[in-house]
Amino acid sequence: MLDMLDGSGRGADAIADLWWVMFWLSLIPTVIVLGMLVVILLRRRRQGDGEDPPAAAPLEHERGERRIILLGGVALPLVLLLPVVAMVIATAHARERTDVEAMEIGVTGHRFWWDLRYPAPGNERLDQGETFRTANELHIPVGRPVDLVVESEDVIHSIWIPRLDGKIDLTPGRTKRLRIEATEPGVHTGRCAEFCGASHALMRLRVVAHPQEEFEAWLEREAGPVATEPDEGMRMAFGDSCAPCHDLRGVWEAGTFRGNLGPDLTHLASRRTIAAGILPNTREALGRWIIDPQRVKPDNNMPANIAPDGGELADIVDFLEELE
Ligand SMILES: [Cu+2]
């Protein structure tokens, strides 16, 4: 949670500044009220139990009450809340930057993973031409605004990368935008912030912010086809058990499989984690996931008992590990 106060993005920095101002301002009434409480308790104590306090003259009493209401109920809240309102408006503006054109990345929420779509290298927008898919690891350039164009394939999800910005809901049937901008390189964790089912808490997102040149190199490589063509045996094994849900770019003719029921696996081996950020991308974890994904992540959409056994499973894992 405290990630959001340790910002690494334009929006998160602005939000953290606002948060601190609100924190310090809210301390003022807190201290006043606690102070009054202490005074009252001390007075009571001095007067001893059971004795009534000496009554003030009625007129004076009423004037004192009115003063407290005007000061504490009207003046103080105005003085404290007006700057907050002004700052909220300023923060909303500070998060947007209009001098640079934003690059678009499509984010589609699924139970319980993130489908990502990038414009082909050289393009900036998703409607400009070719796009390619990847999943669960969002790579962005540093110092340039990125518009996440978000939607959902099933239920309402919400994307939240605390170190970069606030969150936005992914709503089925509606396309929305969240503008983010990393101010320094780094690897961050994002998560789904709207309850979406049994494994909602296991729907994480890895975010990698690269310096511009490094980002371009990543984009170039990620846009390409698989690094290792499957041999005939692997085409059969993967085609039978996995390809109906998982795409491998450049292996099958377009349209052979729908291939987007699960994450695109074209460059799986280059990802840091698998299963939407919950397992390390190791041989052991891959095997564990494929043998029984329901045990790792209850209710997710990859069925259990589809893994071929023994040697063939080991071959598939070998193959997946080559998909740099
Ligand atoms: Cu979700």
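Quick look at the structure, then. (Residues numbered from 1 in each chain as written. Predicted model: local features only at pLDDT ≥ 70, side-chain atom pairs only at ≥ 80, totals over all residues. Heavy atoms only, no water.)

Let us look at the side chain of Glu 104. Within the secondary structure, Glu 104 sits in strand E1 (residues 103–110). By relative accessible area, which is 9% here, Glu 104 ends up buried. Of note is the side chain of Glu 104, whose polar atom sits 2.8 Å from the backbone nitrogen of Leu 126. Setting aside its immediate chain neighbours within four residues, Glu 104 contacts Pro 119, Glu 124, Arg 125, Leu 126, Asp 127, Asp 147, Val 149 and Arg 177. (Helix = DSSP H or I, 4+ residues; strand = E, 2+ residues; numbered from the N terminus. Buried < 20%, exposed > 50% of the residue type's maximum accessible area, 1.4 Å probe, protein only. Polar contact = N/O pair within 3.5 Å; in protein donor to acceptor, adjacent residues only side chain to side chain. Contact = heavy atoms within 4.5 Å.)

Within the structure shown, the criterion is met by ten aromatic pairs. A centroid spacing of 5.1 Å and a plane angle of 75° characterise the contact between Phe 23 and Trp 24, whose relative ring orientation is edge-to-face. For Phe 23, a relative accessible area of 31% corresponds to the partly exposed category. On the basis of relative accessible area, Trp 24 is assigned to the exposed category, the value being 52%. Three or more aromatic residues joined by ring pairs form one cluster here, namely Trp 19, Trp 20, Phe 23 and Trp 24. Positioned above the aromatic ring of Trp 160, the side-chain terminus of Lys 167 is 4.6 Å from the ring centre. (Phe/Tyr/Trp six-rings, centres within 6.5 Å; stacked < 30°, edge-to-face > 60°. Lys NZ or Arg CZ within 6 Å of the ring centre and 35° of its normal.)

By the secondary structure assignment, Arg 283 is in helix H5 (residues 283–291). The spatial distance from the C-alpha of Arg 283 to the C-alpha of Ala 314 is 9.4 Å, given a sequence separation of 31 residues. When sequence neighbours within four positions are dropped, the list of residues in contact with Arg 283 reads Ala 314, Val 317, Asp 318 and Glu 321. Among the polar contacts made by the side chain of Arg 283, one reaches the side chain of Asp 318 at a distance of 2.8 Å.

The next subject is the pattern of salt bridges. Counted according to the given criterion, the structure contains 13 salt bridges. Here Arg 163 makes a salt bridge to Asp 6, at a shortest N to O gap of 3.5 Å. Here Asp 6 lies in the segment before helix H1 (10–47) and Arg 163 lies in the loop between strand E6 (157–160) and strand E7 (167–170), a separation of 157 residues in the sequence. Judged by relative accessible area, which is 43%, Asp 6 ranks as partly exposed. It is possible to trace a salt-bridge network through shared partners that takes in Glu 104, Asp 147, Arg 177 and Arg 179. (Salt bridge = Lys/Arg side-chain N within 4 Å of Asp/Glu carboxyl O.)

Moving on to the state of the cysteines. This structure, assessed with the given rule, holds zero disulfides. Distance from the sulfur of Cys 242, which forms no disulfide, to the nearest cysteine sulfur (Cys 245) is 8.8 Å. (Disulfide = S-S within 2.5 Å.)

This part takes up the coordination of the copper ion. Protein ligation of the copper ion involves His 157 (ND1), Cys 192 (SG), Cys 196 (SG) and Met 203 (SD), the donor distances falling in the range 2.1 to 2.6 Å. Around the copper ion sit four donor atoms; with metal-centred angles ranging over 93 to 122°, the donor geometry is tetrahedral. Every donor residue of the copper ion comes from the same chain, spaced as H-x34-C-x3-C-x6-M. In this pair, His 157 is assigned in strand E6 and Cys 196 in the loop between strand E9 (186–192) and strand E10 (204–210), connecting sequence segments 39 residues apart. Accessibility expressed as a relative area gives 5% for Cys 196, which makes it buried. (Donors = N, O, S within 2.8 Å, 3.2 Å for Na, K, Ca; no water. Tetrahedral: all angles 85-135°; square planar, octahedral: opposite > 155°, others 65-115°.)

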